[in-house]
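So you can see what is in the structure, the chains are spelled out below.
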Amino acid sequence: MDKKNRNALIAGNWKMNMLASQVPAYWQGLEPGAKLAEGVSSALCVPFPLIPAVKAALAGSQVKVGAQDVSSHDKGAYTGEVSAAQLADLGVDYCIIGHSERRAYHGESDGLVNEKLKALLGAGITPIMCCGESLEQRDAGVTLSFVESQIKGGLEGIGPEEMKKVVIAYEPIWAIGTGRTATAEQAQEVCGYIRGVLGKLYGEELAKGVQILYGGSMNGKNAKELLAQPDIDGGLIGGASLKPEFADIIGAANE
Ligand code: PEP
């Protein structure tokens, strides 16, 4: 299986933006351009309280709803946490885990990301597991070894059948929200390397089927070149997913 046999995924990450009352107008702006070609999927990963409003707005559309985090626990006395079962109950299809903002501001380790990944798989939700290096790590030449350690840590104990249900997102921290996109060559180098790591862990055939996304200041202008890379199967989009421009990125994936 190579790129043309893998489906593309264009996922938006709203982060802590938007209000439920703004969702209908947002969707009105996006909907005309949010038609998906065969082999292209899309999802909006939104704050927990907005899930019902987004789910209602997207009813009848092919765009799915995702979350941005999940508890590693099943249920119980974990004040403020949201379980995978609760997300599944709301009809959530995807969930981001291990985003660099959660790693930086909430101390999330690869071990915790691994527990969250297992919780999502148990609830039938597709995890979008993020990895990516800081600028210091890139400058120190340790990008590939660092990303490899995140991948291995996040996937600890995940068997081949489960791995088929996992999406990986490579997001260099220095490119997130900065307007400084990785070049297509830089993004491809790491995404190709990640596929190689997956090949060593699960065999080449399985690795060829895994969706690997790029994230970091992807927009309507640079999406086409990034998505044309052999190991980039889609995008995780922050800022541009809040605007109708998100449809241009879907359009680039449709081509
Ligand atoms: C992100 O938050 O995952 C992201 C890639 O953000 P942005 O597109 O704004 O860089």
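Above: the structure in question.
Owing to the predicted nature of the structure, the values given are computational and were not obtained by experimental measurement.

Participant: Give me the lowdown on the pattern of salt bridges, citing residues and values where you can.
Facilitator: Taken as a whole and assessed by the stated rule, the structure comprises 15 salt bridges. Across the pair Asp233 and Arg195 runs a salt bridge whose closest N-O atoms are separated by 2.8 Å. Residue Asp233 is located in the loop between helix H11 (223-227) and strand E8 (234-237), and its partner Arg195 is located in helix H9 (residues 184-202); the two are separated by 38 residues in the primary sequence. A single burial state applies to Asp233 and to Arg195, both of which are buried. The network of salt bridges with common partners includes Arg6, Arg195, Asp231 and Asp233.

Participant: Describe the nonpolar core, listing the residues and the values that go with them.
Facilitator: Across soluble globular proteins, you tend to see nonpolar side chains buried next to one another. Residues Ile151, Met163, Ile168, Ile194 and Leu198 are the most contacted members of the largest nonpolar core, which totals 71 residues. Element by element, the count of residues in this core is highest for H9, at eight residues. Setting aside residues no more than four positions away along its own chain, Ile194 makes contact with Cys131, Val147, Ile151, Ile168, Tyr170 and Ile212. In terms of nonpolar packing, the next biggest core, distinct from the first, is built from 12 residues, Ala11, Ile96, Cys130 and Leu213 among them.

Participant: Residue-level account of the layout of surface pockets, with values.
Facilitator: Space inside the largest pocket adds up to approximately 470 Å³. Broken down by element, the residue count for the lining of the largest pocket peaks at three residues, all from helix H4 (residues 100-105). A per-class count over the lining of the largest pocket returns nine nonpolar, six polar and five charged. One number sums up the size of the second largest pocket: a volume of about 320 Å³. Around the second largest pocket, the lining is made up of 19 residues, and of these Lys3, Ala8, Leu227, Ala253 and Glu255 lie nearest the centre. If you list the elements that add at least two residues to the lining of the second largest pocket, you get H11 and helix H12 (246-254). For the lining of the second largest pocket, the class distribution of residues is eight nonpolar, four polar and seven charged.

Participant: Got a sec to walk through the environment of Trp14? Specific residues and values, please.
Facilitator: Considering the arrangement of structural elements, one finds Trp14 in the loop between strand E1 (8-13) and helix H1 (23-30). Take Trp14: its relative accessible area is 0%, and that puts it in the buried class. Taking C-alpha positions, Trp14 is 13 Å from Ser217, a pair spaced 203 residues apart along the chain. A polar side-chain atom of Trp14 sits 3.5 Å from a polar atom in the side chain of Tyr26.

Participant: How would you sum up H12? Please name residues and give values.
Facilitator: Along H12, the residues that are buried comprise Phe246, Ala247, Ile249, Ile250, Ala252 and Ala253. The inward-facing, buried residues of H12 abut E1, H1, strand E2 (40-45), H11 and E8.

Participant: Any details on the site of the ligand? Residues and values, ideally.
Facilitator: Taken together, 14 residues form the shell around the ligand, and within it Lys15, Glu171, Gly177, Ser217 and Gly238 come nearest. Here an oxygen atom of the ligand sits 3.2 Å away from a polar atom, N or O, in the side chain of Asn13. In the model, an oxygen atom of the ligand is placed 2.7 Å from a nitrogen or oxygen of the Ser217 main chain. The protein chains hide 96% of the 290 Å² of surface that the ligand would expose on its own. A per-class count over the shell around the ligand returns four nonpolar, eight polar and two charged.

Participant: Mind laying out the pairing of E1, listing which residues take part and the relevant values?
Facilitator: In terms of burial, E1 is a largely internal element, six of the six residues being buried. Burial of E1 is two-sided: the residues Ala8, Ile10 and Gly12 facing one way and the residues Leu9, Ala11 and Asn13 facing the other way are all buried. Summarising the sheet, E1 and E2 pair through six bridges and their orientation is parallel. Considered in E2, the bridge of Ile10 is made with Ser42.

Participant: An account of helix H7 (residues 143-154) is requested, with residue identities and associated values reported.
Facilitator: Over its 12 residues, H7 extends 16 Å from the first C-alpha to the last, a length consistent with the 16 Å expected when each residue adds 1.5 Å. Every buried residue of H7 is listed here: Thr143, Val147, Glu148, Gln150, Ile151, Gly153 and Gly154. Contact partners of the buried residues in H7: H4, helix H5 (110-122), strand E5 (126-131), helix H6 (135-139), strand E6 (167-170) and H9.

Participant: Before we move on, can you summarise the packing of H5 against H7 with the specific residues and values?
Facilitator: Between H5 and H7, the least distance of the axes is 8 Å, while the angle of their chain directions is 45°. By the angle between their directions, the pair H5 and H7 is classed as oblique. In terms of crossing hand, the pair formed by H5 and H7 is right-handed. Between H5, through Asp110, Asn114 and Leu117, and H7, the contact on the second element is made entirely by Ser149, Gln150, Gly153 and Gly154. In the contact of H5 with H7, the residues fall into one nonpolar, five polar and one charged.

Rules used in this analysis
- Residues numbered from 1 in each chain as written.
- Predicted model: local features only at pLDDT ≥ 70, side-chain atom pairs only at ≥ 80, totals over all residues.
- Heavy atoms only, no water.
- Salt bridge = Lys/Arg side-chain N within 4 Å of Asp/Glu carboxyl O.
- Helix = DSSP H or I, 4+ residues; strand = E, 2+ residues; numbered from the N terminus.
- Buried < 20%, exposed > 50% of the residue type's maximum accessible area, 1.4 Å probe, protein only.
- Core = buried A, V, L, I, M, F, W, Y, C linked by side-chain atoms within 4.5 Å.
- Contact = heavy atoms within 4.5 Å.
- 1 Å grid on protein atoms, 1.4 Å probe; cavity = no way out; pocket = protein on both sides within 12 Å on 5 of 7 lines; lining within 4 Å.
- Points joined across faces, edges and corners; volume = space filled by probe spheres on them.
- Nonpolar A, V, L, I, M, F, W, Y, C, P; charged D, E, K, R; others polar.
- Polar contact = N/O pair within 3.5 Å; in protein donor to acceptor, adjacent residues only side chain to side chain.
- Near = heavy atom within 4 Å.
- Areas by Shrake-Rupley, 256 points an atom, 1.4 Å probe, with all protein chains shown as cover.
- Pairing = 2+ DSSP bridges.
- Expected span 1.5 Å × (residues − 1).
- Axes fitted to C-alpha atoms, helices over the stretch in contact; angles between N-to-C directions.
- Parallel < 35°, antiparallel > 145°, perpendicular 65-115°, else oblique.
- Left-handed = near helix turned anticlockwise from the far one by under 90°.

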